[in-house]
Amino acid sequence: MRVEDTPEAWEVVESKDRFEGRVIHVVTDTVRMPGDTVADRDYAVHPGSVAVLALDEQDRVLLIRQYRHPTRRLLWELPAGLRDVEGESLVTGAARELAEEAGYRAETWHTLVDLYPSPGMSNERIRVFLARGLSKIPAEENGFVHEHEEIDMPVEWVPLPDAVERALMGMIHNSPTVAGILAAYAASVEGFALLRPADAKEA
């Protein structure tokens, strides 16, 4: 059997809206299961996200720290954001997030890893990009105004092997950040030659 995720859609007998929020809404689908039984499945409908593992010439990862209220923690994360601009390509959205949250631009982009961070309770998809050839955006060219959790987010450059160690030791918890760090470390063995292009189609 080929080990690869594939599309599949079981019959939805009934669907009920439960909650409408600013970013997500929650539904209950009654799904026909094998054996001709049905079961209710609650999940959050999410627009999706992008994240950026920015790697400098010294193989250091750019991390930002942000408060995440549901976890009651300050988490070290990759620059990331919602897919909330209509018609915007994923890589363009990633470049926008890197500029807005960290104040950097990149010359080269590749698709690093795609993931469903919590497929049992949300349809959210995250694409993590690898960005290299970094340069700081002059303050006068970056007019993004930070608000709420994004105010005073510190930026830290962490050597990639140290970032891997922090992920494995339970010091970094954000799922696309952990996935991106481990994927970048694995891809670095082949000099990043096996990565997909930035505009690779999502499966």
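Structure: see above.
Another point: the packing of aromatic side chains. If you walk through the whole model with that rule in mind, you get 2 aromatic pairs. Plain terms: the ring middles of Tyr104 and Trp157 are 5.4 Å apart, the flat faces sit at 80 degrees to each other, and that makes the pair edge-to-face. Remark: Trp157 occurs in strand E10 (residues 155-159) and Tyr104 occurs in strand E8 (residues 104-115); sequence separation between them is 53 residues. Residue class for Tyr104 comes out buried when judged on its relative accessible area of 16%. A ring pair is formed by Trp109 and Phe129, whose centres lie 6.2 Å apart and whose planes are at 80 degrees; its orientation type is edge-to-face. Placement of Trp109 in strand E8 and of Phe129 in strand E9 (residues 126-136) is noted, with a sequence separation of 20 residues between them. Judged by relative accessible area, which is 0%, Phe129 ranks as buried.

Turning next to the pairing of strand E4 (residues 49-54). Residues in a regular strand point their side chains to alternate faces of the sheet. Across the 6 residues of E4, 6 count as buried, placing the element largely inside the fold. Burial along E4 is two-sided: Ser49, Ala51 and Leu53 and Val50, Val52 and Ala54, pointing in opposite directions, are all buried. Examined bridge by bridge, E4 and strand E7 (residues 80-82) share 3 bridges and lie antiparallel to one another. Looking across to E7, one finds that Ala51 is bridged to Ala80. One ladder, built from 6 bridges, connects E4 with E9; its direction is parallel. Note on E9: the bridge partner recorded for Leu53 is Leu130.

So, about the sheet that holds E9. Here 5 strands make up an open sheet; going across it, the order is E7-E4-E9-E8-E11 and the pairing mixed. The sheet is open, and its two edges are formed by E7 and strand E11 (196-197), each paired on a single side. Note: E8 against E11, 2 bridges, orientation antiparallel. Residue pairing across strands places His110 opposite Pro197, the latter belonging to E11. The sheet contacts of helix H1 (residues 90-102) involve E4, E7, E8 and E9, and relative to E8 the element is tilted by about 120 degrees. In this fold helix H3 (residues 175-188) packs onto E4, E8 and E9, with an angle of close to 100 degrees to the strand it touches most, E8.

End to end, H1 covers 18 Å across 13 residues, agreeing with the expected 18 Å (1.5 Å per residue, within 8%). By the burial criterion, the buried members of H1 are Gly93, Ala94, Arg96, Glu97, Leu98, Ala99, Glu100, Glu101 and Ala102. On its buried side, H1 packs onto E4, strand E5 (60-68), E7, E8 and E9. In the segment just after H1, Gly103 is the residue with positive phi, at about 80 degrees.

All right, on to the environment of Glu140 then. With respect to the secondary-structure elements, Glu140 resides in the loop between E9 and E10. Separated by 19 residues in sequence, Glu140 and Met121 place their C-alpha atoms 42 Å apart.

Below, the discussion takes up the layout of surface pockets. Estimates place the volume of the second largest pocket at around 1,100 Å³. The wall of the second largest pocket is formed by 26 residues, among which Thr6, Pro7, Glu8, Tyr116 and Pro119 lie closest to the centre. For the lining of the second largest pocket, the secondary structure elements donating two or more residues are strand E2 (25-33), strand E3 (37-45) and E8. Considering every element that reaches the lining of the second largest pocket, the biggest residue donor is E3, with 3 residues. Grouping the amino acids of the lining of the second largest pocket by side-chain chemistry returns 12 nonpolar, 4 polar and 10 charged.

To continue, consider unusual backbone geometry. Positioned with a positive phi, Asp59 is a non-glycine residue whose angle comes to about 55 degrees. A relative accessible area of 42% means that Asp59 is categorised as partly exposed. Not every positive phi belongs to a glycine, and Phe192 is a case in point at roughly 65 degrees. Secondary-structure assignment places Phe192 in the loop between H3 and E11.

Criteria and thresholds
- Residues numbered from 1 in each chain as written.
- Predicted model: local features only at pLDDT ≥ 70, side-chain atom pairs only at ≥ 80, totals over all residues.
- Heavy atoms only, no water.
- Phe/Tyr/Trp six-rings, centres within 6.5 Å; stacked < 30°, edge-to-face > 60°.
- Helix = DSSP H or I, 4+ residues; strand = E, 2+ residues; numbered from the N terminus.
- Buried < 20%, exposed > 50% of the residue type's maximum accessible area, 1.4 Å probe, protein only.
- Pairing = 2+ DSSP bridges.
- Contact = heavy atoms within 4.5 Å.
- Axes fitted to C-alpha atoms, helices over the stretch in contact; angles between N-to-C directions.
- Expected span 1.5 Å × (residues − 1).
- 1 Å grid on protein atoms, 1.4 Å probe; cavity = no way out; pocket = protein on both sides within 12 Å on 5 of 7 lines; lining within 4 Å.
- Points joined across faces, edges and corners; volume = space filled by probe spheres on them.
- Nonpolar A, V, L, I, M, F, W, Y, C, P; charged D, E, K, R; others polar.

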